[in-house]
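# Coordinate analysis (summary)
Residues per chain are reported as follows:
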Amino acid sequence: MLRLIIGIAAGYVLGSKAGRARYEQISASARAVAGSPVTRKLVQVSRQRLSDKLSTQPKLEPMEPLDERTTVLVPHDQLRRR
């Protein structure tokens, strides 16, 4: 989806008769959006969620400790529901 938007924006900029001024305006807007802390956080969160969904490693959750120094972890799908 992002590639499509970039392609449309590039096509508009390259094909626009508005000239250099419009190109500079679009370019400045794109830099502002890409450099925004909100955008960076959104990308980071999205990447993490995608990574979690595609992960082949089972998620581990802490169980009741055996003693003060030991904790047992089991895959999420093998947990017994209480």
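Residues numbered from 1 in each chain as written. Predicted model: local features only at pLDDT ≥ 70, side-chain atom pairs only at ≥ 80, totals over all residues. Heavy atoms only, no water.

### Structural notes on the overall build of the chain
Defined as follows: A run of DSSP states H or I qualifies as a helix once it reaches four residues; a run of E qualifies as a strand once it reaches two. Both are numbered from the N-terminal end. Throughout, exposure labels follow a simple rule: accessible area from a 1.4 Å probe, protein chains only, divided by the maximum for the residue type, with under 20% read as buried, over 50% as exposed, and the rest as partly exposed. Note that accessible areas follow from Shrake-Rupley with a 1.4 Å probe, and for residues the cover is restricted to the protein chains shown.
Counting its secondary structure elements, the chain contains three helices and two strands. Going through the 82 residues of the chain one by one, you find that 7% of them count as buried. Total accessible area computed for the chain in this model is approximately 7900 Å², and 58% of it derives from carbon and sulfur atoms.

### Quick look at a nonpolar patch on the surface
Which entries qualify depends on this criterion: Patches were defined on residues exceeding 30% relative accessible area and lacking a salt bridge, with like-charge contacts within 9 Å and nonpolar side-chain contacts (Val, Leu, Ile, Met, Phe, Trp, Tyr) within 5 Å. We count a salt bridge whenever a side-chain nitrogen from Lys or Arg sits within 4 Å of a carboxyl oxygen from Asp or Glu.
Residues Met 1, Leu 4, Ile 5 and Ile 8 make up a contiguous nonpolar surface patch of roughly 470 Å² in combined accessible area. Here Ile 8 shows up in helix α1 (residues 2-15).

### Brief notes about the confidence of the model for the chain
How we decide: Scored from 0 to 100, pLDDT reflects the predictor's confidence in each residue.
Averaged over every residue, the pLDDT of the chain is 79; residues scoring 70 or more account for 79%. Per-element mean pLDDT across the chain ranges from 65 in strand β1 (residues 60-62) up to 90 in helix α3 (residues 37-54).

### As for the environment of Lys 59
Position of Lys 59 relative to the elements: it lies in the loop between α3 and β1. C-alpha separation for the pair Lys 59 and Asp 77, spaced 18 residues apart in sequence, amounts to 8.2 Å.

### Overview of α1
Defined as follows: What a helix is expected to span follows from its residue count: subtract one and scale by 1.5 Å.
Between its terminal C-alpha atoms α1 stretches 20 Å, which fits the 20 Å expected from 14 residues at 1.5 Å a residue. Burial of α1 is sparse: only one of the 14 residues sit out of reach of the surface.

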